[in-house]
Amino acid sequence: MTIEQLQKRLREAHARIGFEGRFAFTIGQQAADGCYITHWFRPTPYAFEDCRSVGAGTVADCIAALDRYVADYPRPMTNEEVGMTLGIIPPHEERYKVAAE
């Protein structure tokens, strides 16, 4: 895997979690150290940045762990979903019905 391919995979994973935080891919200085991926994010807008370990080992191990992490990552609600949950925005069917009248 080239650096460009690895960067593309990290960008795709970042997009799939809603561009929340950033991923860091680190290669150890010794051959035995391998590499690891971490996810840096802010739990709230004014909090200090926090770090979560995603995976470690070989590059293939890290990519597999990244895919699992992204698949299990809780997707944040969109503003529209929050509005529908609070009842401020009507569900889709009602909005289209009103717009068609």
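Everything discussed here concerns the structure shown above.
Because the structure is a prediction, the values reported are computed rather than measured.

Chemist: Honestly, the packing of aromatic side chains in this entry has me stumped. Any pointers?
Modeler: What the rule picks out here adds up to two aromatic pairs. Between F23 and Y69, the aromatic rings sit 6.1 Å apart at their centres with planes inclined by 80°, giving edge-to-face as the arrangement. In this pair, F23 is assigned in strand β1 (residues 22-27) and Y69 in helix α2 (residues 59-72), connecting sequence segments 46 residues apart. An identical accessibility class is assigned to F23 and Y69; each is buried. For the ring pair Y69 and Y73, a centre distance of 5.7 Å and an interplane angle of 45° mean the geometry is tilted. With a relative accessible area of 12%, Y69 lands in the buried category. Overall, Y73 belongs to the buried group, its relative accessible area being 12%.

Chemist: Quick question: what am I supposed to make of unusual backbone geometry here?
Modeler: Trans peptide bonds make up the majority, and among non-glycine residues the majority have a negative phi. A positive phi angle is found at F19, which is not glycine, with a value near 60°. Secondary-structure assignment places F19 in the loop between α1 (3-16) and β1.

Chemist: How should I be thinking about the pattern of salt bridges in this particular structure?
Modeler: Between side chains of opposite charge, a pair can form when the charged atoms approach closely. In total, this model carries three salt bridges according to the counting rule given. One salt bridge in this structure joins E12 and K8, with 3.8 Å as the shortest N-O distance. One end of the pair is E12 and the other is K8, both in helix α1 and four residues apart, which spans about a single turn. For E12, a relative accessible area of 34% corresponds to the partly exposed category. With relative accessibility at 47%, the residue K8 sits in the partly exposed group. Between R22 and E49 there is a salt bridge, and its shortest N-O distance comes to 3.2 Å. Linking R22 in strand β1 with E49 in the loop between β2 (35-41) and β3 (50-57), this pair joins segments that are 27 residues apart in sequence. For R22, a relative accessible area of 40% gives the class partly exposed.

Reading the values: the criteria
Note that residues are indexed from 1 along each chain, following the sequence as it is written. The predicted nature of this model means local features are confined to residues of pLDDT at least 70 and side-chain atom pairs, given and counted, to a pLDDT of 80 or more, with totals for whole chains, interfaces and linings taken over all residues. In computing side-chain values, all of the structure's heavy atoms are included and hydrogens and water are not. Think of it this way: a Phe, Tyr or Trp ring, Trp meaning its six-membered ring, pairs with another when their centres are within 6.5 Å, and the plane angle makes it stacked under 30 degrees, edge-to-face over 60, tilted otherwise. Secondary structure is summarised from DSSP: a helix means a run of H or I of at least four residues, a strand means a run of E of at least two, and numbering begins at the N terminus for each. In this scheme, a residue with accessible area under 20% of its type's maximum is buried, one over 50% is exposed, and one in between is partly exposed, where area comes from a 1.4 Å probe on protein chains only. For this analysis, a salt bridge means a side-chain nitrogen from Lys or Arg found within 4 Å of a carboxyl oxygen belonging to Asp or Glu.

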